Amino acid sequence: MTTPSSMYGGAPGAATLARIAAEFDAIAQQMSSVSADFDELKRLVERSETPVAEPGATPASSPTVEPGDAASPPIAQRAETPGVAPAPGHQPTPPLIPPTTAARPDQRPPTSAVPQPPSPQRPASPHPSSRSPKGPWTPDWAAIGRQQPPHPAYAPPPQRPFTPHPGRPPAPPVSDRISDAVERGLIGKVLAVAGVGVTLVGVVLLLVLAAQAGILRPEFRVAGGAVLSAALVGAGIWLQRKRDGRIGAIALTATGLAAGYLDVLAATKIYEWLPVVAGLTTAGVIAAAGLVLAHRWDSEHLGILVVVPLIALAPVLTGGLDMTLIAFMVMLAIASSWVQVGHDWIWLHALRLAAPTIPLTLVGASALSDPSGDLAGLGLEFSAAMLIVVVLGLAGALVAMPTTRFREVTAGLAAATTFPVLFAGAVMDTAGAVSLQAATAVLVIGTTVVCSLVRSARFGSLPDVVAQIWSATALVITFVALLVSFDGRVAVSAILGLALVTALVAHAWSSTSVVLLVGGTIVWTIGFGMLLSDLAPYVLADAARMETHASLAAVFAALLAVAGAIILADNWIRLTDRDVVGLAYTVLGVVAVYTATAICVTSGVLLAGADGFLGGHVAATTCWVVMAGGLLAHARRRRGGRRTAAVTGGLVLVAAAMAKLFLFDLATLDGIFRVIVFMVTGLLLLGLGAWYARALHDDGAPGQQHPTPPAPMPPAPMPQPGPPAGH
């Protein structure tokens with residue numbers, strides 16, 4: 001028996017190649033048969049679309065199959081061949097031996113409404129042995145269905161079914177909208193609100209216009225307002241007990257309480273029957289009664305309808321903006337502070353705090369625009385009202401923080417209560433304004449720090465977003481207090497000092513680092529801009545101008561500026577991406593060069609006058625070269641992008657020092673100062689070059705890749721003890 005190995009000299013590799021070649025030949029024959037089957041299937045589909053022929057006529061387009069054509073086996077027989085599967089949807093290649101069939105006389109193509117041209121005549125198979133003696137060939141559809149599915153790699157991609165985009169539904173007609181509004185009770189609410197407004201206008205007309213016209217005596221007007229107020233509140237309480245009477249009860253009660261407010265204000269302010277303290281106490285009692293009903297009925301709308309009419313109509317009775325109105329609003333905020341307990345009523349909370357905050361802000365703005373007006377001397381009253389409102393805002397936020405869904409809004413409302421403090425300098429004297437602003441800032445930042453550090457089972461810790469909002473508020477108040485307290489060069493130092501402290505706090509306090517970092521950067525930018533306006537570069541280059549601008553405050557401000565720039569740049573590098581890192585390094589380098597020059601030149605002028613100006617520039621050029629050496633030394637301990645940035649900064653600084661040496665120092669300095677600056681700069685550059693060349697020789701070139709030490713080889717496995725001998 002001859003084996004493939006013996007045919008190729010007995011080599012196993014040759015036998016393997018022979019077997020692979022035989023398998024490829026078998027696969028090629030199978031693929032040719034499959035291609036022929038698909039071609040025949042396509043031809044049959046085309047025949048089904050040809051027109052109906054006359055009886056007894058043989059279609060000219062149907063080729064005949066000679067007897068004995070058996071080169072292509074039937075599909076059912078070939079489908080059973082393992083390893084061969086047709087690829088549906090793939091365009092077949094021309095077959096090597098196309099099968100041909102002949103139509104039987106009793107077979108007619110189906111009828112078609114539109115006559116189609118006959119199919120072209122296909123040539124008969126050139127192999128007589130491949131003709132079937134049994135007549136026309138028909139595919140075995142059952143065998144085709146049993147064929148294996150195609151490989152997933154060659155299967156056609158799934159097509160997403162087309163879904164038309166739904167069009168916009170037509171808008172409902174106006175009648176349907178009105179019906180929906182009626183079902184939701186919106187019509188009743190609108191009518192109730194309109195009734196509240198109209199009734200309150202009538203109460204105002206009763207108390208004010210009737211007095212001007214002399215229609216009724218003052219006693220009857222005030223008594224009529226009180227009776228009307230009590231009747232409306234009683235009707236609301238009665239209606240609340242009825243089914244579906246909630247909307248009407250809220251409207252009636254709100255109207256009655258607002259009428260009671262106006263009645264008390266008229267008796268206190270217009271007719272002066274009650275002293276201010278008694279009138280405010282009575283108004284607070286009415287407000288508390290209304291909010292008790294709102295809390296009992298669980299209705300934020302009632303609380304809003306109690307507060308809004310008072311804020312809108314109280315100035316009408318008080319005759320404008322004065323401390324009586326502000327005191328009444330503060331009493332309203334105090335009387336309604338307990339309503340937030342157990343309720344997340346953010347709108348009512350905002351209205352409570354806005355009631356005193358808005359008049360206080362208007363007082364500060366009026367005093368700022370008219371320093372000689374009546375509102376400019378309300379220092380003590382303004383301070384007391386401000387502190388009470390700030391405490392109410394912070395306390396209300398802390399109480400509502402564990403349960404509210406609006407933490408950011410609640411914290412923002414508490415911060416907004418401090419806004420009138422910014423105008424304290426216009427209402428009060430400088431000492432009083434700074435004291436009030438400092439007390440407010442300490443109160444806000446102290447509350448933030450204590451609540452962030454102390455945790456309790458009921459309130460928990462202060463959320464980070466609240467700490468950020470309140471920290472930014474304290475920073476703004478402190479900044480304004482510094483502007484009020486100082487002016488000139490002392491203000492520059494104070495602002496740069498505030499920026500430095502803020503940067504240090506941002507570095508240490510992670511929960512507020514981003515907000516304080518942004519705020520500190522803004523404050524530092526303002527302070528540095530003020531320093532530049534005082535010691536501009538052209539001033540540093542002019543000896544006569546430096547004699548008038550030099551001061552210890554400028555030196556101290558420059559030191560604070562460079563210290564703040566270093567801390568801020570470090571914070572930005574720590575918290576931000578690579579693009580901001582490059583910008584931070586660039587800004588820090590420019591600031592360092594400028595402040596070093598300003599400190600050297602200003603100190604020289606303060607110490608020795610004109611000669612000190614020249615000596616200061618010698619020291620400034622020397623500092624530039626020393627800073628360049630520091631950057632190059634720093635680059636030795638870095639790798640990658642940071643090393644490249646440090647080397648680039650050092651070389652740029654060396655180039656700047658050389659430019660200053662030849663463009664400014666050579667032209668400005670004279671005598672011994674010119675000699676000193678060139679000698680010192682040259683020696684520093686020589687020493688720096690020699691040191692850096694030696695450092696490169698020791699550490700390798702900047703772009704050299706240090707070889708990675710090979711990983712230690714794993715220890716060899718210990719031999720396992722075998723079974724004892726003899727077993």
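Residues numbered from 1 in each chain as written. Predicted model: local features only at pLDDT ≥ 70, side-chain atom pairs only at ≥ 80, totals over all residues. Heavy atoms only, no water.

Student: Looking at this model, I keep getting lost on the overall build of the protein. Mind explaining?
Tutor: Helices and strands together make up the secondary structure of the protein, namely 25 helices and 0 strands. The buried share of the protein, taken over its 727 residues, is 38%. Pairs at least 24 residues apart make up 76% of the contacts formed inside the protein by residues separated by at least 6 positions. Carbon and sulfur atoms form 68% of the exposed surface of the protein, whose accessible area is close to 40,500 Å². (Helix = DSSP H or I, 4+ residues; strand = E, 2+ residues; numbered from the N terminus. Buried < 20%, exposed > 50% of the residue type's maximum accessible area, 1.4 Å probe, protein only. Contact = heavy atoms within 4.5 Å. Areas by Shrake-Rupley, 256 points an atom, 1.4 Å probe, with all protein chains shown as cover.)

Student: Explain helix α19 (residues 513–534) to me, please; I cannot follow it from the model alone.
Tutor: Residue pairs three or four apart in sequence face the same way in an α-helix, which turns once every 3.6 residues. Between the first and last C-alpha of α19 there are 31 Å, a value that for 22 residues agrees with the 32 Å anticipated at 1.5 Å per step. Inspection of α19 places Ser513, Leu516, Leu517, Gly519, Gly520, Val523, Trp524, Gly527, Phe528, Leu531 and Asp534 among the buried residues, and these make up the whole buried set. (Expected span 1.5 Å × (residues − 1).)

Student: In this structure, what is going on with helix α9 (residues 276–297)? I would like to understand it.
Tutor: Here α9 is 22 residues long and its end C-alpha atoms lie 32 Å apart, about the 32 Å a rise of 1.5 Å per residue gives. Here α9 has its buried residues at Gly279, Leu280, Ala283, Gly284, Ile286, Ala287, Gly290, Leu291, Leu293, Ala294 and Trp297. Within two residues after α9, aspartate 298 carries a phi angle of roughly 55°, on the positive side.

Student: It is not clear to me how the confidence of the model for the protein should be interpreted in this structure. Could you clarify?
Tutor: The predicted coordinates ought not to be read in detail in places where the model reports low pLDDT. Mean pLDDT over the protein: 74, with 68% of residues reaching 70 or higher. Here residues 1–9 scores under 50 on pLDDT; set against residues more than four positions off or in separate chains, the count is 7 contacts. (pLDDT = per-residue confidence, 0-100.)

Student: Before we go on, may I ask you to explain the packing of aromatic side chains in this structure?
Tutor: One pass over the full model with this rule turns up 4 aromatic pairs. Ring centres 5.5 Å apart and planes at 75° place the aromatic pair phenylalanine 419 and phenylalanine 423 in the edge-to-face group. On the basis of relative accessibility, which here comes to 40%, the residue phenylalanine 419 falls in the partly exposed class. Geometrically, the ring pair formed by phenylalanine 662 and phenylalanine 678 is edge-to-face, given 5.5 Å between the ring centres and 85° between the ring planes. (Phe/Tyr/Trp six-rings, centres within 6.5 Å; stacked < 30°, edge-to-face > 60°.)

Student: Sorry, what's going on with the environment of valine 277 here?
Tutor: Relative to the helices and strands, valine 277 is located in helix α9. Residue classification places valine 277 among the exposed positions, given a relative accessible area of 64%. Note: C-alpha distance between valine 277 and threonine 324 (47 residues apart in sequence) is 9.8 Å.

Student: So what exactly am I meant to see when it comes to the packing of helix α11 (residues 323–335) against helix α13 (residues 379–400) here?
Tutor: Angle between the axes and distance between the axes are the two parameters that describe a pair of packed helices. Contact pair α11 / α13: the axes reach a minimum separation of 11 Å and the direction vectors enclose 20°. Taken together, the axes of α11 and α13 lie roughly parallel to each other. Crossing angle aside, the handedness with which α11 passes α13 is left-handed. Counting all contacts with α11, which are made through Met323, Ile326, Val330, Ala333 and Ile334, the residues of α13 involved are Glu381, Phe382, Ala385, Ile388, Val389 and Leu392. (Axes fitted to C-alpha atoms, helices over the stretch in contact; angles between N-to-C directions. Parallel < 35°, antiparallel > 145°, perpendicular 65-115°, else oblique. Left-handed = near helix turned anticlockwise from the far one by under 90°.)

Student: Could you clarify how one ought to interpret unusual backbone geometry in this entry?
Tutor: Backbone geometry places aspartate 298, a non-glycine residue, at a positive phi of 55°. Position of aspartate 298 among the secondary structure elements: in the loop between α9 and α10 (300–318). Judged by relative accessible area, aspartate 298 falls into the partly exposed class, the value being 47%.

Student: Can you walk me through the pattern of salt bridges in this structure?
Tutor: Where charged atoms of side chains with opposite charge meet at close range, the side chains can pair. By the definition in use, this model includes 5 salt bridges. Note that aspartate 344 and arginine 405 form a salt bridge whose closest N and O atoms lie 3.3 Å from each other. Of the two residues, aspartate 344 sits in the loop between α11 and α12 (346–369) while arginine 405 sits in the loop between α13 and α14 (407–416), which places them 61 residues apart along the sequence. Of the charged contacts in the structure, one is a salt bridge between aspartate 542 and arginine 545, with a shortest N-O distance of 3.6 Å. A relative accessible area of 28% means that aspartate 542 is categorised as partly exposed. Note on arginine 545: relative accessible area 40%, which makes it partly exposed. (Salt bridge = Lys/Arg side-chain N within 4 Å of Asp/Glu carboxyl O.)

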